[in-house]
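Fold and geometry: a report
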Amino acid sequence: KPLIDLVKFTGAELDMVHVHQKGDPIIEYDPGLDIYFNDLNYRYRSLEMDDSVAETLTEYADDIDADMLVMIHRKRNWLERLFKKSHTKEELYEIETPLLVLQSE
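Just so it is clear, the model here is predicted, and its values are computed rather than measured. (Residues numbered from 1 in each chain as written. Predicted model: local features only at pLDDT ≥ 70, side-chain atom pairs only at ≥ 80, totals over all residues. Heavy atoms only, no water.)

Some thoughts on the overall build of the protein chain
- Scanning the protein chain for helices and strands turns up 5 helices and 4 strands.
- The secondary structure elements of the protein chain, listed N-terminal to C-terminal, are α-β-α-β-α-β-α-α-β.
- Within the protein chain, residue pairs in contact and separated by at least 24 positions form 72% of the contacts whose partners lie at least 6 positions apart.
- Element-wise, carbon and sulfur atoms account for 53% of the exposed surface of the protein chain, whose accessible area totals about 8100 Å². (Helix = DSSP H or I, 4+ residues; strand = E, 2+ residues; numbered from the N terminus. Contact = heavy atoms within 4.5 Å. Areas by Shrake-Rupley, 256 points an atom, 1.4 Å probe, with all protein chains shown as cover.)

Let's talk about the environment of Val53
- By the secondary structure assignment, Val53 is in helix H3 (residues 53-64).
- Here Val53 falls in the buried class, since its relative accessible area comes to 15%.
- In sequence terms Val53 and His20 are 33 residues apart; their C-alpha atoms lie 8.5 Å from each other. (Buried < 20%, exposed > 50% of the residue type's maximum accessible area, 1.4 Å probe, protein only.)

Some words on the packing of aromatic side chains
- Per the stated rule, a full pass over the model turns up 1 aromatic pair.
- Ring centres of Phe37 and Tyr42 lie 5.5 Å apart, and the angle between their planes is 55°; on these two criteria the pair is classed as tilted.
- A relative accessible area of 10% means that Phe37 is categorised as buried. (Phe/Tyr/Trp six-rings, centres within 6.5 Å; stacked < 30°, edge-to-face > 60°.)

Considering the pattern of salt bridges
- For the structure shown, the criterion picks out 3 salt bridges.
- Notably, a salt bridge pairs Lys1 with Asp5, separated by 2.9 Å at the nearest N-O pair.
- Taking relative accessible area as the criterion, Asp5 reaches 37% and is therefore assigned partly exposed.
- With a closest N to O distance of 3.8 Å, Lys8 and Asp39 form a salt bridge. Note that Lys8 is positioned in helix H1 (residues 2-10) and Asp39 in the loop between helix H2 (33-37) and strand E2 (42-48), a separation of 31 residues in sequence.
- Of the residues examined, Lys8 reaches a relative accessible area of 49% and is grouped as partly exposed.
- The exposed category is assigned to Asp39, whose relative accessible area is 59%. (Salt bridge = Lys/Arg side-chain N within 4 Å of Asp/Glu carboxyl O.)

Quick look at the nonpolar core
- If you look at the biggest cluster of nonpolar residues, it comprises 10 residues: Leu3, Ile4, Val7, Leu14, Met16, Leu33, Phe37, Leu40, Tyr42 and Leu102.
- Secondary-structure elements contributing two or more residues to this core are H1, strand E1 (14-20) and H2.
- Ranked by residues supplied to this core, first place goes to H1 with 3 residues.
- Membership of the second largest hydrophobic core comes to 9 residues, among which are Met49, Val53, Leu69 and Met71. (Core = buried A, V, L, I, M, F, W, Y, C linked by side-chain atoms within 4.5 Å.)

This is the structure in structure tokens:
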């Protein structure tokens, strides 16, 4: 909801991006997104990660001349946190484009 309100208020274009590692399955566009974003000017892309998530996002933001990146943080349950460490959080400091992180519901 905060992202939708922000995009509507600013009249921004929204590029939704999923960064995946080489060889990982690509998350295809979900037509269900149209339900949430039907009033917005948006597109979806899946990007293969270069050296890091930060580098991939920075390069993409430069390519499309983005003013801001917004990341949706998905909270992991205790079991996921026990067995999987996220390296993305440390990489976020390398991104040069302004970054807004929203907590998913």
